[in-house]
Amino acid sequence: MTGPATPDPVVLRAPRLLDGTGAPPFDDAALLLEAGRIAYAGPAAGLPEGADRLPALDFPGATLVPGLVDVHVHLVASGHPDLAAGLPKTEVERTIAAVANARRQLDQGVTLVRDLGAPGAEAVLVGRAVEEGTIAGPRVVAAGPAVTMTGGHIPYLGRVTDGVEAMRASVRANLAMGARCIKVVATGGVLTPGVDPREPAYTQPELDALVSEAHRLGLTVAAHAIGEGGVASALRAGVDSIEHGMFLDEAAIELFLRTGARLTPTFLAPHGILGGPSVPGWIKDRARPAAEAQVRSFRAAVEAGVPAVAGTDAGTPDNPHGGVARELEFMVDAGLPVPRAVRAATAEAADLLGVSDRGVLRRGAAADVLVAGGDVAADITALQRPLAVFQDGRRLV
Ligand SMILES: [Zn+2]
């Protein structure tokens, strides 16, 4: 593990701090990191007695924010124009690619990711290696293979599963592999010929069985769902997040509010596909209507009070790892105030992943910190200029 040696304890100072909760920024801010935890976060004037004698790192012009969280990545995939064709052929090669992509995430200030689909245990293994300190990367909450129907989306990143009993069995098989959440493919997808992205994939009883089994075993569920019908049946089943959700009607938004599910819009996914010079035309044609509907659906959802979380779908065509700060730029362009956008990639996201002592700069939380090169509150793109990244109090970038 490389990175500059970090004093412990250490004080970080910057003109501003956003704590990740959605609160407005503090000015003239300081953080005290000690033994991997945050011992103080707030105005420099409030630092505890004696802190002025501790080693300090000054970041003029910067903003202190929690280490970023990307709730939707595919570590085995690297942004090839054709996702399926670009996947490395062996599990060993895919795991090596996942290690390299994890590093790319960390270099951009991402200290926690949720991996939502791999052929096998690749992302689970990367997460274990990060926890053991063997490699440097974000902590990983991995789904293992996505649960998808015969003829459904991304079978090459999934476990093909049909029927109520088989849904329960697939949840258990992923649990045995080390998964900490479940990904279910509830509609067709842009990248896979077959089911239309607007059409539901699974029956209601199948989704109900999957979600109840996952929750019974302590696993949260993320549903890939693009069209209204699939979004609604996934929400009725009780999923914890909807991934993509490009077509949302009033009924779907009401279901979000009733169930407390979060929305991961993944703006970068269609953006990469439509902007990618080598992405096949048939994929662009399938992505276009979804991209057009997306901003309207996202606005309607967040205005109604649906909590947004930031996920990039990194690894999909022309969507390389480490882009979550750019995803937030799309959210702000769509009308979300900056502190709420930052919350979508920090506190809200970490809470969805069941890691609520991360994604927030407050006393007692894990010392995961991104030092962003600029005034984030005035310019969200400052998050794309990482000056330093700390994970569990250690400077890794
Ligand atoms: Zn995905």
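Check the entry above for the structure.
Let me begin by describing the structure that accompanies this report. These numbers come from a predicted model, not from an experiment.

Looking at empty space enclosed by the protein
- Tallied over the full model, the rule gives 1 cavity of 30 Å³ or more.
- Roughly 190 Å³ of volume is contained in the largest cavity.
- Looking at the lining of the largest cavity, the element that brings in the most residues is helix H8 (residues 268-275), giving 3 residues.

Details of the pairing of strand S11 (residues 181-185)
- Among the 5 residues in S11, 5 count as buried, and that is most of the element.
- On S11, burial covers both faces: Cys-181, Lys-183 and Val-185 on one face and Ile-182 and Val-184 on the other are all buried.
- Sheet topology note: the S11/strand S12 (residues 220-225) ladder contains 5 bridges and is parallel. Its bridge partner being in S12, Ile-182 is matched across the sheet by Val-221.
- A crossover links S11 with its parallel partner S12, the connecting element being helix H5 (residues 204-216), and its sense is right-handed.

Notes on the coordination of the zinc ion
- Ligation of the zinc ion by protein atoms is provided by His-72 (NE2), His-74 (NE2) and Asp-313 (OD), these donors lying 2.0 to 2.1 Å from the ion.
- Donor residues for the zinc ion sit on one chain with the sequence pattern H-x1-H-x238-D.
- Of the residues examined, His-72 reaches a relative accessible area of 1% and is grouped as buried.

A few points about the side chain of Asp-115
- With respect to the helices and strands, the residue Asp-115 is situated in strand S7 (residues 110-115).
- Of the side chains with opposite charge, Lys-183 lies nearest to the buried Asp-115, which makes no salt bridge, at 8.1 Å.
- Polar side-chain contacts of Asp-115 include one of 3.3 Å to the backbone nitrogen of Gly-117.
- Apart from residues no more than four positions distant in its own chain, Asp-115 is found in contact with Val-73, His-74, Leu-75, Ala-123, Val-140, Val-141, Ala-142 and Ala-143.

Regarding helix H10 (residues 324-333)
- All buried positions along H10 are accounted for by Val-324, Ala-325, Glu-327, Leu-328 and Met-331. Here the buried residues of H10 occupy an arc of 150° about the axis, which is enough to place them on one side.
- Looking at the buried side of H10, the elements it contacts are strand S6 (68-73), S7, H8, helix H9 (281-304) and helix H11 (338-344).
- Downstream of H10 by one or two residues, Gly-335 has phi in the positive range, about 115°.

Quick word on helix H2 (residues 91-107)
- Taking 1.5 Å per residue, 17 residues should reach 24 Å; H2 reaches 24 Å between its end C-alpha atoms and fits that length.
- What H2 keeps buried is the set Arg-94, Thr-95, Ala-97, Ala-98, Asn-101, Ala-102, Gln-105 and Leu-106.
- Residues of H2 that are buried in the fold lie against S6, S7, helix H3 (122-132) and strand S16 (386-391).
- Among the residues trailing H2, Gly-109 stands out with phi positive, at a value near 90°.

A few points about the packing of helix H4 (residues 164-177) against H5
- Look at H4 against H5: their axes get within 8 Å of each other, and the N-to-C directions meet at 30°. Taken together, the axis directions place H4 and H5 in an arrangement best described as roughly parallel. At the point where H4 passes H5, the crossing takes the right-handed sense. For the pair H4 and H5, contact is made by Val-164, Met-167, Arg-168, Val-171 and Arg-172 and by Pro-205, Glu-206, Ala-209, Leu-210, Glu-213, Ala-214 and Arg-216, respectively.
- Here the contact of H4 with H5 is built from residues that sort into 7 nonpolar, no polar and 5 charged.

Quick look at the sheet that holds S6
- Read across the open sheet, the 3 strands follow the order S6-S7-S8; overall the sheet is parallel. Because the sheet does not close on itself, it has two edges, and the strands there are S6 and strand S8 (139-142). Sheet twist, expressed as the average angle between the axes of neighbouring strands with direction ignored, equals 15°.
- Sheet topology note: the S7/S8 ladder contains 4 bridges and is parallel. By the bridge assignment, Arg-114 is partnered in S8 with Val-141.
- Contacts from H2 reach S6 and S7, with the element oriented near 135° to S7.

Reading guide: rules and limits
- Each chain has its residues counted from 1, running along the sequence as written.
- Reporting in this predicted model follows two pLDDT cut-offs: at least 70 for local features of residues, and 80 or more for side-chain atom pairs to be given and counted; totals over whole chains, interfaces and linings ignore these cut-offs and use all residues.
- Derived side-chain values reflect all non-hydrogen atoms in the structure, with water molecules and hydrogen atoms excluded from consideration.
- Points on a 1 Å grid over protein atoms alone make up a cavity when a 1.4 Å probe fits among them but cannot get out, and a pocket when they form an open set with protein on both sides within 12 Å along at least five of seven lines; lining residues each have an atom within 4 Å of a point.
- Grid points are joined across faces, edges and corners, and a volume is the space filled by probe spheres set on the points.
- Secondary structure elements are taken from DSSP: a helix is a run of H or I of four residues or more, a strand is a run of E of two residues or more, and numbering for both begins at the N terminus.
- Residue exposure (1.4 Å probe, protein chains only): buried if accessible area is under 20% of the type maximum, exposed if over 50%, otherwise partly exposed.
- At least two DSSP bridges between two strands are required for those strands to pair.
- A crossover counts as right-handed when, viewed with the strands pointing away from the observer, the path leading from the first strand over the helix to the second turns clockwise.
- Any N, O or S atom lying within 2.8 Å of the metal counts as a donor, and for Na, K and Ca the limit rises to 3.2 Å; water is left out, so some sites can look incomplete.
- Neither His nor the chain termini are counted; the positive set is Lys and Arg, and the negative set is Asp and Glu.
- The working definition used for a salt bridge is a side-chain nitrogen of Lys or Arg within 4 Å of a carboxyl oxygen of Asp or Glu.
- As used in this structure description, the phrase polar contact means that two N or O atoms lie within 3.5 Å; if the pair is within protein, one of them must be able to donate a hydrogen and the other to accept it, and residues adjacent in sequence are counted only when both atoms belong to side chains.
- In this analysis, two residues are considered to be in contact whenever any of their non-hydrogen atoms come within 4.5 Å of each other.
- This arc corresponds to the set of directions leading from the helix axis out to the C-beta atoms.
- One less than the residue count of a helix, multiplied by 1.5 Å, gives the span that helix is expected to have.
- Axes here refer to lines fitted to C-alpha atoms; in helices the fit is confined to the stretch in contact. Angles between the N-to-C directions go from 0 to 180 degrees.
- Throughout, the term roughly parallel applies to angles under 35 degrees, roughly antiparallel to angles over 145, roughly perpendicular to angles from 65 to 115, and oblique to all others.
- Helix crossings fall into two classes, left-handed where the near helix is turned counterclockwise from the far one by less than a right angle and right-handed where it is turned clockwise.
- Gly is put with the polar residues, along with every residue not named as nonpolar or charged; the nonpolar set is Ala, Val, Leu, Ile, Met, Phe, Trp, Tyr, Cys and Pro, and the charged set is Asp, Glu, Lys and Arg.

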